[in-house]
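# Reading the structure
The residues making up each chain are set out below.
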Amino acid sequence: MRIIRTKDYNDMSRKAANIIAAQIVLKPDTVLGLATGSTPIGTYENLVQGYEKGDLDFSQVKSVNLDEYRGLPRENDQSYYYFMHDHLFKYVNIDLANTHLPDGMQEDSQKACAEYEAVIEAVGRQDLQLLGLGHNGHIGFNEPCEEFKKTTHCVNLTQSTIEANKRFFASADEVPKQAYTMGIGTIMKAKKILVVVSGQDKAKIVKEAFFGPVTPQVPASILQMHPDVTVVADEAALSLVK
Ligand code: F6R
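In this report, we go over the structure that sits alongside the text. Computed from a predicted model, the values in this text were never measured in an experiment. (Residues numbered from 1 in each chain as written. Predicted model: local features only at pLDDT ≥ 70, side-chain atom pairs only at ≥ 80, totals over all residues. Heavy atoms only, no water.)

## Focus: the overall build of the protein chain
Rules: Each helix corresponds to a stretch of at least 4 residues labelled H or I by DSSP, and each strand to a stretch of at least 2 residues labelled E; elements are numbered beginning at the N terminus. For a compact globule the rule gives 2.2 Å times the number of residues to the power 0.38, and the radius of gyration it is set against comes from C-alpha atoms. In this analysis, two residues are considered to be in contact whenever any of their non-hydrogen atoms come within 4.5 Å of each other. Here the open area of atoms and residues is found with the Shrake-Rupley method and a 1.4 Å probe, where only the protein chains shown may cover a residue. Only four residue types enter the tally: Lys and Arg on the positive side, Asp and Glu on the negative side; His and the chain ends are excluded. The atoms used to mark charge sites are NZ of Lys, CZ of Arg, CG of Asp and CD of Glu.
Looking only at helices and strands, one finds seven helices and 10 strands in the protein chain. Taking 242 residues into account, the globule formula puts the C-alpha radius of gyration at 18 Å, and the protein chain, at 17 Å, falls close to it. The principal-axis extents of the C-alpha atoms in the protein chain amount to approximately 45 × 40 × 35 Å. By sequence separation, contacts in the protein chain at least 24 residues apart represent 80% of the contacts at least 6 residues apart. Just so you have it, the protein chain exposes about 11000 Å², and 50% of that area is on carbon and sulfur atoms. Both charge centroids of the protein chain, one from 25 positive and one from 31 negative side chains, sit 7 Å from each other.

Set out below in structure tokens:
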């Protein structure tokens, strides 16, 4: 595991975007695994700037997103479909037919997960998987549990995740209670993994996830077993790590 310590959030965002940009330049038909949440927003902004400058071409890029809330329509501005369009897809020349997220409006959860597994299979292994880190150690919406779940599944969001995400909704009651998420097995199949983390509030979980025991109670800890992980984290997030 490679850890890149950055000065602050902006520095983290630029460095993470540079890694993704290099991947696209080296392999224009790259399969990107993409994440939502507040942490990668600056990374996406930098990628958009790279596109606007003419340095990046997304025309052959394919993407698979980690997760989607169950029951939120695409038009809802808190859906991850909306997020991806609002922060990246609508500003670059990616072919929307090559972008994929779980279908949050598919009520039959078994069908939703099976369909997304088929999509992931068809798109192929991610060349580069971008991840954020939840306060409870979740990656995607793989919440702490008894075992690492391999494939796409429907998850009951923990109270900690609902609390963390309520800032985006009118109240905690409005936060969907379930989500569809890519499994840990699929995340681990990515050729390269890039984790972005920022802020003092993530310092404890950074230490546990990347320097503590590997356990499904801290899902991100499994990344210690992956052969090519880069963590780009700011000083605040790394403040408990020597
Ligand atoms: C989002 C996702 C989540 C977030 C995590 C951190 O697609 O998969 O695992 O990365 O909840 O969220 P932020 O960046 O908002 O702290």
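## Points about the site of the ligand
Short version of the rule: Residues are labelled near a given molecule or strand when at least one of their non-hydrogen atoms is within 4 Å of it. Distance and chemistry together define a polar contact, namely a pair of N or O atoms within 3.5 Å, with one atom able to donate a hydrogen and the other to accept it when in protein, and with adjacent residues in sequence counting only for side-chain atoms on both sides. In the scheme used here, Gly and all other residues not listed as nonpolar or charged are polar, with Ala, Val, Leu, Ile, Met, Phe, Trp, Tyr, Cys and Pro taken as nonpolar and Asp, Glu, Lys and Arg as charged.
The local shell around the ligand holds 14 residues, among which Thr-39, Asp-67, His-138, Gly-140 and Lys-202 are the closest. Ser-38 places a polar main-chain atom, nitrogen or oxygen, 2.8 Å from an oxygen atom of the ligand. Between the ligand and Thr-39 there is a distance of 2.4 Å, counted from an oxygen atom to a side-chain nitrogen or oxygen. Tallied by class, residues from the shell around the ligand come to three nonpolar, eight polar and three charged.

## With respect to the sheet that holds strand S7 (residues 153–156)
Our working rule: Paired strands are those between which DSSP finds at least two bridges. Axis definition: a line fit to C-alpha positions, over the contact stretch in the case of helices; interaxial angles, taken between N-to-C directions, run 0 to 180 degrees.
Reading across from one edge, S4-S8-S7 is the order of the three strands in this open sheet, with antiparallel pairing throughout. Since the sheet does not close on itself, it has two edges, and those belong to strand S4 (67–69) and S7, each with one partner. Taking each pair of neighbouring strands and ignoring which way they run, the sheet shows an average axis angle of 25 degrees. Note: S7 against strand S8 (residues 178–181), four bridges, orientation antiparallel. From the neighbouring strand, Cys-154 faces S8, where its bridge partner is Tyr-180.

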